[in-house]
Protein chains: 2
Amino acid sequence: MPSRKVSGEGAPPKAEGGVDAVDRALAILSAFASHDGQMSLAQISEATGLYKSTVLRIAASLERGGFLSRQENKLYRLGPQLFRLGLLYQRSFKIEDMVRPVLRRLVETTGESASFFVRQGEVRLCLFREESQHAVRDHVMEGATLTLDRGAAGHVLVGYDSRAVVSEELRSRMARLPIVSIGERSAEVAAVAVPVYRRGAGGVELAGALTVSGPRTRIADTETIRQIGAALLEQGRLLSRQLGADEAWRL
Amino acid sequence: MPSRKVSGEGAPPKAEGGVDAVDRALAILSAFASHDGQMSLAQISEATGLYKSTVLRIAASLERGGFLSRQENKLYRLGPQLFRLGLLYQRSFKIEDMVRPVLRRLVETTGESASFFVRQGEVRLCLFREESQHAVRDHVMEGATLTLDRGAAGHVLVGYDSRAVVSEELRSRMARLPIVSIGERSAEVAAVAVPVYRRGAGGVELAGALTVSGPRTRIADTETIRQIGAALLEQGRLLSRQLGADEAWRL
DNA sequence: TACTTAAGTTCTGTCTAGCAGAACGTGATT
DNA sequence: AATCACGTTCTGCTAGACAGAACTTAAGTA
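Keep in mind that this is a model prediction, so the values were computed, not measured. (Residues numbered from 1 in each chain as written. Chains lettered and ligands numbered in written order. Predicted model: local features only at pLDDT ≥ 70, side-chain atom pairs only at ≥ 80, totals over all residues. Heavy atoms only, no water.)

Q: Quick one: what's the story with the side chain of serine 132 of chain B, residue by residue and with numbers?
A: Residues and elements named next belong to chain B. On the secondary structure map, serine 132 appears in the loop between strand E5 (123-130) and strand E6 (145-147). The buried category is assigned to serine 132, whose relative accessible area is 2%. Excluding residues within four positions of it along the chain, serine 132 makes contact with Val107, Gly111, Glu112, Ser113 and Arg137. (Helix = DSSP H or I, 4+ residues; strand = E, 2+ residues; numbered from the N terminus. Buried < 20%, exposed > 50% of the residue type's maximum accessible area, 1.4 Å probe, protein only. Contact = heavy atoms within 4.5 Å.)

Q: How would you summarise the packing of helix H1 (residues 20-31) of chain A against helix H3 (residues 52-64) of chain A if you had to cite specific residues and measurements?
A: Residues and elements named next belong to chain A. Contact pair H1 / H3: the axes reach a minimum separation of 10 Å and the direction vectors enclose 85°. Of the possible angle classes, the one that applies to H1 and H3 is roughly perpendicular. Two secondary-structure elements touch here, H1 through Ala21, Arg24, Ala25, Ile28 and Leu29 and H3 through Thr54, Val55, Ile58 and Leu62. Of the residues belonging to the contact of H1 with H3, the class tally is seven nonpolar, one polar and one charged. (Axes fitted to C-alpha atoms, helices over the stretch in contact; angles between N-to-C directions. Parallel < 35°, antiparallel > 145°, perpendicular 65-115°, else oblique. Nonpolar A, V, L, I, M, F, W, Y, C, P; charged D, E, K, R; others polar.)

Q: Go over the protein's contact with DNA strand C with me, naming the residues and quoting the values.
A: Residues in contact with DNA strand C amount to 21 residues; listed here are only the nearest, Tyr51, Thr54 and Arg57 of chain A together with Asp20 and Ala42 of chain B. Within 4 Å of the protein, the contacting atoms of DNA strand C are drawn from sugar and phosphate to the extent of 77%. Between arginine 57 of chain A and DNA strand C, the recorded distance is 2.4 Å, taken from a side-chain N or O atom to a phosphate oxygen. A distance of 2.8 Å separates a base nitrogen of DNA strand C from a polar side-chain atom of lysine 52 of chain B. Looking at the surface near DNA strand C, its residues break down into seven nonpolar, five polar and nine charged. (Near = heavy atom within 4 Å. Polar contact = N/O pair within 3.5 Å; in protein donor to acceptor, adjacent residues only side chain to side chain.)

Q: Talk me through the side chain of serine 213 of chain B; I want residue IDs and the actual numbers.
A: Residue and element names in this part refer to chain B. Tracing the backbone through its elements, the reader meets serine 213 in strand E9 (residues 203-215). By relative accessible area, which is 4% here, serine 213 ends up buried. A polar contact of 2.9 Å, which involves the side chain of serine 213, links it to the side chain of aspartate 138. Setting aside anything within four residues of it in sequence, one finds serine 213 in contact with Glu112, Ser113, Arg129, Asp138, Val189, Ala190, Ala191 and Ile219.

Q: With reference to specific residues and values, describe the sheet that holds strand E1 (residues 38-39) of chain A.
A: Residues and elements named next belong to chain A. An order of E1-E3-E2 is seen for the three strands of this open sheet, with the pairing classed as antiparallel. Looking along the sheet, the strands with just one partner apiece sit at the ends: E1 and strand E2 (68-70). Pairing of E1 with strand E3 (residues 76-78) involves two bridges; the strand directions are antiparallel. Within E3, the position partnered with glutamine 38 by the bridge is arginine 77. Where H3 meets the sheet, it contacts E2 and E3, and its direction lies at approximately 105° from that of E2. (Pairing = 2+ DSSP bridges.)

Q: Please provide a residue-by-residue account of the sheet that holds strand E3 (residues 76-78) of chain B, values included.
A: Taken in spatial order, the three strands of this open sheet run E1-E3-E2 (chain B), and their pairing is antiparallel. The open sheet is flanked by strand E1 (38-39) and strand E2 (68-70) of chain B, the only strands paired with a single partner.

Q: Pulling in residues and values, what's your account of the relation of the copies chain A and chain B?
A: Put simply, the second copy of the chain is the first one after a rotation about an axis and a shift along it. Rotating chain A by 180° and moving it 0.0 Å along the rotation axis overlays it on chain B with an RMSD of 0.1 Å. A rotation of that kind, with that shift, is consistent with a two-fold axis. Of the residues that chain A buries at the interface, 100% are likewise interface residues in chain B, meaning the two copies contact each other through the same surface. (Least-squares fit on C-alpha atoms with pLDDT ≥ 70 in both.)

Q: I'd like a rundown of the protein's contact with DNA strand D, residues and numbers included.
A: Near DNA strand D you find 21 residues, and of these Ala42 and Arg70 of chain A together with Tyr51, Thr54 and Arg57 of chain B are the closest. Within 4 Å of the protein, the contacting atoms of DNA strand D are 76% sugar and phosphate, with bases supplying the remainder. Between DNA strand D and alanine 42 of chain A, the relevant distance is 2.6 Å, taken from a phosphate oxygen to a main-chain nitrogen or oxygen of the residue. At 2.8 Å, a side-chain N or O of lysine 52 of chain A approaches a base nitrogen of DNA strand D. Breaking the surface near DNA strand D down by element, the ones donating at least two residues are H1, helix H2 (41-48) and H3 of chain A together with helix H1 (20-31) and helix H3 (52-64) of chain B.

Q: For the pattern of salt bridges, give the residues involved together with the corresponding values.
A: All names here are of chain A. By the definition in use, this model includes 28 salt bridges over all chains. With its nearest N and O atoms 2.6 Å apart, the salt bridge here joins glutamate 112 to arginine 218. A residue pair is termed long-range when its members are at least 10 positions apart, and glutamate 112 in the loop between helix H5 (96-110) and strand E4 (113-120) and arginine 218 in helix H8 (residues 216-219) qualify at 106 residues. On the basis of relative accessibility, which here comes to 23%, the residue arginine 218 falls in the partly exposed class. Between aspartate 138 and arginine 185 there is a salt bridge whose closest N-O contact spans 3.5 Å. Of this pair, aspartate 138 sits in the loop between strand E5 (123-130) and strand E6 (145-147) while arginine 185 sits in the loop between strand E7 (179-182) and strand E8 (189-200), and the two are 47 residues apart along the sequence. (Salt bridge = Lys/Arg side-chain N within 4 Å of Asp/Glu carboxyl O.)

Q: Residues and numbers for the pairing of E4 of chain A, please.
A: Of all eight residues in E4 of chain A, six are buried, a share of seventy percent or more. Counting the residues between successive antiparallel strands, the hairpin from E4 of chain A to E5 of chain A contains two residues, one of them, glycine 121 of chain A, with a positive phi of roughly 65°.

Q: Let's hear about the confidence of the model for chain A: which residues, and what values?
A: As a general rule, the predicted coordinates of low-pLDDT regions are not to be interpreted in detail. All names here are of chain A. Here chain A averages 83 in pLDDT, while 88% of its residues score no lower than 70. Mean pLDDT values over the elements of chain A span from 70, in helix H7 (residues 168-173), up to 94, in E4. Counting interchain partners and residues more than four positions distant, the pLDDT-below-50 stretch residues 1-14 has nine contacts. (pLDDT = per-residue confidence, 0-100.)

Q: Lay out the interface of chain A and chain B with the relevant residues and their values.
A: Contact with chain A, which involves 49 residues of that partner, is made by 49 residues of chain B. Summed over both partners, the interface of chain A with chain B comes to about 4,100 Å²; 69% of that surface belongs to carbon and sulfur atoms. Applying the counting criterion to the chain A and chain B interface returns two salt bridges. Among the ionic pairs, arginine 64 of chain B bridges to aspartate 23 of chain A, the shortest N-O distance being 2.9 Å. Joining chain A to chain B, the criterion identifies 12 residue pairs in polar contact (both at pLDDT 80 or more). (Buried area = accessible area lost by both parts, 1.4 Å probe.)

Q: A description of the packing of aromatic side chains should follow, citing residues and the corresponding values.
A: Throughout the structure, instances matching the rule amount to six aromatic pairs over all chains. Ring plane angle 35° and centroid distance 5.7 Å describe the contact between tyrosine 89 of chain A and phenylalanine 83 of chain B, whose orientation is recorded as tilted. Here tyrosine 89 of chain A, found in helix H4 (residues 80-92), pairs with phenylalanine 83 of chain B, found in helix H4 (residues 80-92), and the two come from separate chains. Judged by relative accessible area, which is 2%, tyrosine 89 of chain A ranks as buried. A cation sits over an aromatic face here: arginine 77 of chain A above phenylalanine 93 of chain B, 5.3 Å from the ring centre. (Phe/Tyr/Trp six-rings, centres within 6.5 Å; stacked < 30°, edge-to-face > 60°. Lys NZ or Arg CZ within 6 Å of the ring centre and 35° of its normal.)

Structure below.
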């Protein structure tokens, strides 16, 4: 059973500042991430640790706001407002128009899926992706979050971030581009990645990582990797230039 | 100045049930829709009518949940969690895999942009869209909401919805497919649309509207419209079949 | 350099609105 | 019939959200 802000005891994280009711509302929304799209009142209650009556009340507000909707069968679903605002978020990066064509070109010339990742706290977020035409391919969706410590794109986001503390091992691995990873994030997947820069508030900064990935059965050999790497370097340079980072190719 | 739940007086809408704090939080998020992605504390306060101190407190929760983020320059932006949940919403329709290829085929054969609209309360929502290659084209983004009473797709969503009350005028206009609109939503745009059905909980129901649209300079003549209409009818039928609505082509 | 205006932030006493939890209704499943 | 699980309604208590003033920067303006 849940308890209200326990001020004395084992002091559970005890979020500083903020509004309890809002935290709960967001917890309800976030619970849907692991229950693919549909949840009953009881499920929500269980997943969040909130009383059913509490969920009911908060859900009324969420529903009114269009962040949640309820079907006749009583199941809750996420609401259209999330969709609208989510796309607004994606577009607020204002780089979609530049990234998409680059990804398409990469898919075209390499035949494999291409993605653009940005760092988001301690994970990396797939902001854009274009799928290869191959029937068998690795699967990452736009919006998915992956760990920062595995996979070529993850290494790039840490190793080429001027603000990050980089381990000696990673630093040496970052010595030359492109970065290659085979079977790291997933045993059957290989990936090649390069950094992308942009002109930011305080000069040139890391914008994200451009990556091409696919099953290692198609990508593992050095010649294929060389070709993919060449395409990535070219497109990455192009994209960085479009983002106003002319000469920042090297850290 | 804002006031708390006014129980007596002029009784402003007076939302039934729900949680005030959550309503406010959602109002803050929704305010971003009209201020393209970035807002200062003062702007939020003004747009929502909430005190700055209140916004600050609620924003702390939103930020913690990843629904909002704050930059060094103090401006708030929407957060990545919205992006994730938004895409989850889109995918919860589970029809993306079927709709995308259909849209691509339409763009390929007609040369114009193709979209899939669903009804969302009293507006229509662009759930998926594939852009034409033409430099000059009409502009509708995925996630955008348009009025229900204008444009071919809007008519379809009302006229072919078995639950909707349909005016005599609209009914006669719906007599034969496809539906065509020229210069309705926007003076320079022409569109052609057909309904898409699916097997739902209580039998076959309207799933959405499939539409092809572009500048009327390219679409207005009857021959072009005939061709687009033929492609739409074919793809719409195909899509409906994929969604389990075999013989429901006519209302 | 001093004055003005506006933005962001911190603090606190008051009071209300959100909460827990019990109680109830309803429909499946056994 | 009996049990179970789910959704919903209701209520008294009090913790926690709120308004608003006060303070701190920061950027104009003259």
